[in-house]
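Working through the structure, step by step
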Amino acid sequence: MAYITTPIYYVNDRPHIGHCYTTLLGDCFARFERLRLGAGEVFFLTGTDEHADKVVTSAQAHNMTAIAWADQNAEEFKKAFMFIASSHDDFIRTTQDRHKTRVTEYVSALMRSGDIYKGEYEGWYDENQEEYVTETVAKDNEYKSSVTGRPLVRRRETCYFFRLSKYQARLQELFATQPGFVSPEARRNEVLGRLRGGLNDVPISRPVTNDPATQFGIRVPGDDAHRIYVWIDALFNYLSVVDTDDRRRFWPASVHFIAKDILWFHAVIWPCMLMALRDADRGRFGFVELPAKVYSHAYWVRDGKKMSKSLGNFVTIEVLRAYAASFGRDALRWYLLTQGPLHETDADFSHAKFVEVYNADLANGIGNCASRVGNMMEKYFGGAVPEGALSGGLASAGGKALAASVDGLVREAQASLARHHLAAALTAGIAVVRSVDQYINETAPFKLAKTIESDSGAKQKLGEILACCAEGVRIASVLLSPAMPDKIAQLWQAWNLTNGSANAGLASKGVSLADNCAFAGPHGLHRGAISKGEVLFMRADPAAAVVGV
Ligand code: MSP
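Residues numbered from 1 in each chain as written. Predicted model: local features only at pLDDT ≥ 70, side-chain atom pairs only at ≥ 80, totals over all residues. Heavy atoms only, no water.

Moving on to the domain arrangement of the protein chain. How big an interface is tends to be stated in terms of accessible area lost as the parts join. Partitioning the protein chain into domains gives domain 1 (2-297) and domain 2 (351-516). A straight line from the C-alpha centre of domain 1 to that of domain 2 covers 43 Å. Listed per partner, the contact involves 16 residues of domain 1 and 16 residues of domain 2. Approximately 1400 Å² of surface area, both sides summed, lies buried where domain 1 meets domain 2, with 76% of it carried by carbon and sulfur atoms. Taken as a group, Phe29, Phe32 and Leu35 account for 46% of the area that domain 1 buries against domain 2, more than any other trio of residues on that side. At the junction of domain 1 with domain 2, the criterion picks out 0 salt bridges. At the level of elements, helix H1 (17-37) and strand S12 (255-259) are the ones that each hand at least two residues to the side of domain 1 that touches domain 2. (Domains from an automatic or database assignment. Contact = heavy atoms within 4.5 Å. Buried area = accessible area lost by both parts, 1.4 Å probe. Salt bridge = Lys/Arg side-chain N within 4 Å of Asp/Glu carboxyl O. Helix = DSSP H or I, 4+ residues; strand = E, 2+ residues; numbered from the N terminus.)

Given below as structure tokens:
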């Protein structure tokens, strides 16, 4: 069972590369998990976070009601995720009743158990910005507003608190007993460092005033004067969506993909809220175990600079669409997935790098290899893999070496996946292609083909070599399919693999990914009807511009 989530994104504006990237990571990982476990065992969730003040403010600026503005932007997110071929099983909007009723239920349970209580909040308030700022931020700005420069005021108000402090010891125990709870390591250390400072209870509500921004949101149960703070509302989405009779089996989440900006909420507040909920009512919430992992990636930047509205340097959805139009959607996915900020360091979106990677991995990599092998199979054997050729090829020293290299790479890919190192898993797929290329160079089937008219032994040998090549390409295609679903579907069509080997549906029949990818194993290409098909990726000219960018 696997349950994979992305953050739910604010609908104050349209989606950009950052949002698409995290959803793409979730998508690619979900596709790998479907290969490993079968489609029915995987649930992948993305969606939008709508009850934020900034949603109301930007709606006002557009002369629209908050909900109409949210509707419009949620559609944009849906379109963007359809464009990148996200295979999510559900799309949650926090303004949906199914979510709101659950949040009310969860908060009520926590109020009953005493982990949410009414208290007084006192802090530095920026009157112009209508927000509290933390002591550190206030001090750094000499107790003045960072925006207007006016003095901050000390303000007290009644609100509801979550008893976070109570969970400090249990949270520390979680970090100790489940060292992989937060990844990568640098992010985990960051959280541990902050945890040493101790945990304070956190306000989880905002007072409702005449300002429309304060009125958009889920009310605190039994107290209409307060609205649940957007972050508490938002985090609960992960649970509310699967808290139904038919989906509860997916809980707990196997991985929450997020970026480093929202780590504290996911690594600290969220697990404590879940512990509290479980304790509040074991009968109802006994199933609420803790998530296995919070995976926090870094940022896409442009020319080394953070992307921001004021700099106007976002890689917009239009830019992404232009790349997809020039190189194909799978090429865009490949670039983002393999060159993105998956680990600690930020990644630059670079045209030169895009073309370089496209040519190396796709046009000259899987594209060229599949087409060479497909062409020769069709030309010399009418596309039919000769009976016994794969086992024959495997008996040769070259075949054995190829099989060993491919099997090693498949294991490497699996180990990378277990650590959520998607780029490494995909690169292992390309390394399989390189092994096949090397085998082709060593065995020179093109040369051998020239002698098959006069030498029947040569024809048999050629069949064996090509069978081994095709088997290598098949295995590569399985490992690459989560990144390039369109192109690999096209290849499987041409090679007639949709119903047999390399079929993504094998896992549902109980075939493990390891067995599916075993070189010359039971699901290997022992037979087949391979046609050369169309070229998967045309070579790109590094000097050519991308129309629309
Ligand atoms: N609504 C909250 C999340 C609630 S989750 C329970 C939120 N929304 S957001 O619209 O600001 O999205 C933040 C997320 O978008 C990041 O955590 C990351 O997944 C993605 N990205 C936004 N900008 C990004 C980059 N420049 N680079 C990579 N991903 C980033 O926070």
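Considering all chains together, one arrives at 33 aromatic pairs under this definition. Seen in terms of ring centroids, tyrosine 9 and phenylalanine 81 are 5.8 Å apart; in terms of plane orientation they differ by 65°. Their pairing is edge-to-face. Placement of tyrosine 9 in strand S1 (residues 2-10) and of phenylalanine 81 in helix H3 (residues 66-83) is noted, with a sequence separation of 72 residues between them. Exposure remark for tyrosine 9: the relative accessible area of 5% places this residue in the buried category. Between the aromatic rings of tryptophan 300 and tyrosine 335, the centroid separation amounts to 6.0 Å while the plane-to-plane angle is 40°, which identifies the pairing as tilted. Placement of the pair is tryptophan 300 in strand S14 (residues 300-302) and tyrosine 335 in helix H13 (residues 329-339), with a sequence separation of 35 residues. (Phe/Tyr/Trp six-rings, centres within 6.5 Å; stacked < 30°, edge-to-face > 60°. Buried < 20%, exposed > 50% of the residue type's maximum accessible area, 1.4 Å probe, protein only.)

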